Structure formats: C-alpha cells, structure tokens
Amino acid sequence: MNARTFKKNSHIVKEVLPGSIAEESGIVPGDELLSVNGGGIADIFDYQYQTEAEEVTLLIRKADGGEWELSIEKDEDEDLGLVFDNGLMDEYRRCCNHCIFCFIDQLPLGMRKTLYFKDDDSRLSFLQGNYVTLTNMSDDDIDRVIRYRLEPINISFQTTDPALRCKMLGNRFAGEALKKADRLNEAGIMMNGQIVLCRGINDGENLKRTISDLMEYIPNLESVSVVPVGLSRYREGLYPLEPFTAEEAAEVIRTVEAFQERCMNGYDTHFIHAADEFYVLAGKEVPPEETYDGYLQYENGVGMIRSFLDEFEEAFSALPEQPEVRGREISVAGGMMMQGYMERILERLREKVPKIRVHYYPVVNHFFGESITVSGLLTGRDIVDALKGKPLGETLYLPETLLRAGEEILLDDMSISDIASALQVKIDIVKSNGSMFLEMLLYGASLL
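What counts and what doesn't
- Residues numbered from 1 in each chain as written.
- Predicted model: local features only at pLDDT ≥ 70, side-chain atom pairs only at ≥ 80, totals over all residues.
- Heavy atoms only, no water.
- 1 Å grid on protein atoms, 1.4 Å probe; cavity = no way out; pocket = protein on both sides within 12 Å on 5 of 7 lines; lining within 4 Å.
- Points joined across faces, edges and corners; volume = space filled by probe spheres on them.
- Helix = DSSP H or I, 4+ residues; strand = E, 2+ residues; numbered from the N terminus.
- Nonpolar A, V, L, I, M, F, W, Y, C, P; charged D, E, K, R; others polar.
- Expected span 1.5 Å × (residues − 1).
- Buried < 20%, exposed > 50% of the residue type's maximum accessible area, 1.4 Å probe, protein only.
- Contact = heavy atoms within 4.5 Å.
- Disulfide = S-S within 2.5 Å.
- Phe/Tyr/Trp six-rings, centres within 6.5 Å; stacked < 30°, edge-to-face > 60°.
- Pairing = 2+ DSSP bridges.
- Right-handed = clockwise from strand over helix to strand, strands pointing away.

Caption draft 1: Representation of the layout of surface pockets in the model. Approximately 240 Å³ is the volume found for the second largest pocket. Lining the second largest pocket are 15 residues, and of these Q48, Y49, T51, E52 and D79 lie nearest its centre. Residue contributions to the lining of the second largest pocket peak at five residues, all from helix α3 (residues 44–50). By residue class, the composition of the lining of the second largest pocket is eight nonpolar, two polar and five charged.

Caption draft 2: Broad picture of helix α11 (residues 304–317). An ideal rise of 1.5 Å per residue puts 20 Å on 14 residues; α11 measures up with 20 Å between its terminal C-alpha atoms. Regarding α11, the residues found buried are I305, R306, S307, F308, L309, F312, A315 and F316. The elements touched by buried residues of α11 are α10 (276–282), α12 (339–352) and α15 (434–443).

Caption draft 3: Spotlight on the state of the cysteines. The tally for this structure, following the rule as stated, stands at zero disulfides. In this structure C166 is a free cysteine whose sulfur lies 11 Å from that of C99, the closest cysteine sulfur available. C99 supplies the cysteine sulfur nearest to C198, a cysteine that is in no disulfide, at a spacing of 9.2 Å.

Caption draft 4: Representation of the packing of aromatic side chains. Summed over the entire model, instances satisfying the criterion amount to eleven aromatic pairs. Ring centres of F103 and F368 lie 5.4 Å apart, and the angle between their planes is 55°; this geometry places the pair in the tilted category. One end of the pair, F103, is in the loop between β5 (82–84) and α4 (122–128); the other, F368, is in the loop between β11 (356–363) and α13 (380–387), with 265 residues separating them in the sequence. Residue F368 is classed as buried on the basis of its relative accessible area of 1%.

Caption draft 5: Structural detail: the pairing of β11. For β11, a buried count of six out of eight residues is recorded, marking the element as mostly surrounded by other parts of the structure. Relative to β11, strand β10 (residues 328–335) runs parallel, the two sharing eight bridges. Residue pairing across strands places S331 opposite H359, the latter belonging to β11. On the question of chirality, the crossover connecting β10 to the parallel β11 by way of α12 is right-handed.

Quick look at the structure:
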C-alpha cells in the first residue's frame, strides 16, 4: 500500500458494499472521501455522525484526480455502504504512559512488530472494548465523547489516589486525568472500569479506598473489575513486582465480596468483580452467575469460567441416557488456569459417554513464565513441546482464545497448521462456550 493510504485524514475507500447507496452513486474502491456536508472528517465517529442525516453531501476525489460532489437523499441513519482502508479513519493513538505493570514491556525481543504497539485510544474503547487511562484524552476528546454519546467507555483506573496513579502509570498527569471521569459521569456517559492490581502497590487499604471512590460514579459506572497484574519472565530492568500468593488472592476476594454486599444493599448491583484468576489462585470456587450482573466484564476475564461451566452443565443435563455418538479418541489442551475445572467436567463426560475417550493436557507457559496461566498467552512451541509423543487421538481441540480475530497465528508466529504438522494430528478450534464445547466433543466440528 502506498504512503497516501496511511496519511492522516486521507480517507481511501477500501470496499463499496453491494447494493448500497455508495455503489448506486458511482463510488468505487480507491476513491478518496474529502469532506461530508462541507466539513472535514477527523475519524470514523465524525463520519458516522455527519452521515446520519437524511440529506448528505459528499466530496469525492477519483483516482484520476477529478472531484465529484454528490448530493444524497436517504433514510435517517441509513448506512452509505463505504468501508475505508483505515477502519478508524485516523492514526491510532500511542500510549504516552510508562506503566510499571505494562505487559508489552515484558515481551521478549524478536516477536512481530504489531505486538509491541501500545494503544491508549478512547475510540478503540468504544469500538473494540479496549481500556483507556484518560491521559491521552484532551478536553476536545471528552467533548466529542459526550456530544456523540460514545458509550460505554472502558477506563483503566488502577487507583483513585492521584499521586499513586502518577507513579503506577509513569505519567505526572495521570492523577489529574481522573477529573475527566468526573466530566463523563456528570454527562451521564456509561462507563466500565478496571483496576490492575499490583501486590504491595494498590492493594489492601488503597484498593478499599479506590472502590469506595468509584462507587460515587454508580450508576453511570456500571462495573469495575479487579484483575491481577500479569508478570512474564522478561522483567529485567523493570519495576520490581511480585505475583500474589494464594492467601493474598483470598484477601482480595474477601475485600471485593464485602463491597459487593454493600453495593447490592445500596444500589442493587454487585458493581465490583474479582477476575477469575484470583479465585483459581486462592483455590476457591467461582461465584454463581447472578454475581456477575450479566457478565459486563466477561472480556476482561471476569465470569468466563462460571459462564463456561453453566453452559456445559445445561447442555450436559439435557443429554439422553445413551447419546448416539460414534466411538472415538480425542484430546483437549489449554492453559493451566482451567485445569481443575476441565478435569472435573471431562471426567463426567467419560462416565456418561464412555465411547468418547478424551485426553486432557494442561499446558505450562514456559515462554512467558509459569505464573501466566491463561490460554490466550500460550505459544505454539509450548503446546507442541507439552503434547509431543502424547496420545492425541483423531482430533486435538484448542481454545479460540489462542488466536487473534481472523487469524490462525499464535503469539510466537506458529500457525495452527504448523502445530498440526508438528504433532501429526487434526486440530479443531473451539469457542469459549460450554454448550458448543460439549457438542464439538460429542459430534465433531470446526471453527477453522
């Protein structure tokens, strides 16, 4: 692609949807959108806001340099059918913080370049659910969020102690940035929050203060997750951080559950949630479904285990006494965090459906370090090393969290086909859904 494609605010049409208004108007891939209703377009939100009206005027530059002015009449909110080469229609905003807990700083050298990009872009919070620190947002950005109602906004708070926040984020403006959350709250913008908990830094009494302060934002702040800092083995020269012990994880859970009781009594919401990792580390059963308030923090690792278990249980309970399945031998692998739960449900499956012989292999994360237990940070090499020479049967099932959306490449650039070739086994990818997982084990299927 040429440099012009990536020039800031150069909005090149990548695709025109068939049967759309844009196609009927003669717009084709390669055309450039110069303005909408006579005004410039900063990004995708400007574009969407300006094109909501029933009458829209577009200025288009064709490949030969000629300019077309198109007056379009349409239904309100009807999409024009344009897909742009840069989906954000602007440059991505790089993080300006130097967080003591940043996982990207803990990556080894030699990985693909895209993994080292640190974003802190409020637009990606709205579009993709990313968490932002507010330090990269100007007053104009806050104004646009309020004007366009870009909600919910996901905010990474860490602490409400301004001085400590400056230290944790490595940014002298990080404490002052908390006032932007006040503006969002006053405007009624819906938010979700995150606290990356660092042992001996923002836990204990500071965590209690932070939760108490954030409760002032209810109901506009719908939920807050408390997630443990991820520590890889590549921390040489970085701020000294230590993983939580089982007892410390249990203390975090006690703090969270005490505040949940307060929030339920005062606001009819649990509001604050501890990540699944804390429950696994503490050796405690994850809470029941109703505790998660509709799984508002699911993508942040809160409630994933409970949701999976309940989905599996519902589907398992509905099975006939003798399910009609063919006999086969299969295998399942994933991160260490799910080991106890997976062994439990697979044992039940073996008892009920003995024709299905299932091998389960929890994979230790040697690449990043054994304290990293989630499946999403496993590498292809660790999977191959853990399963080499083991009985795998006709199919190996791996979780979809290993892969980025639309790709079949793991963090170390090994592909699913590379793993299949190294292990000489067919691989199927399964969704993080207990019901679909059970169906795949019984009857076979593939997401690839």
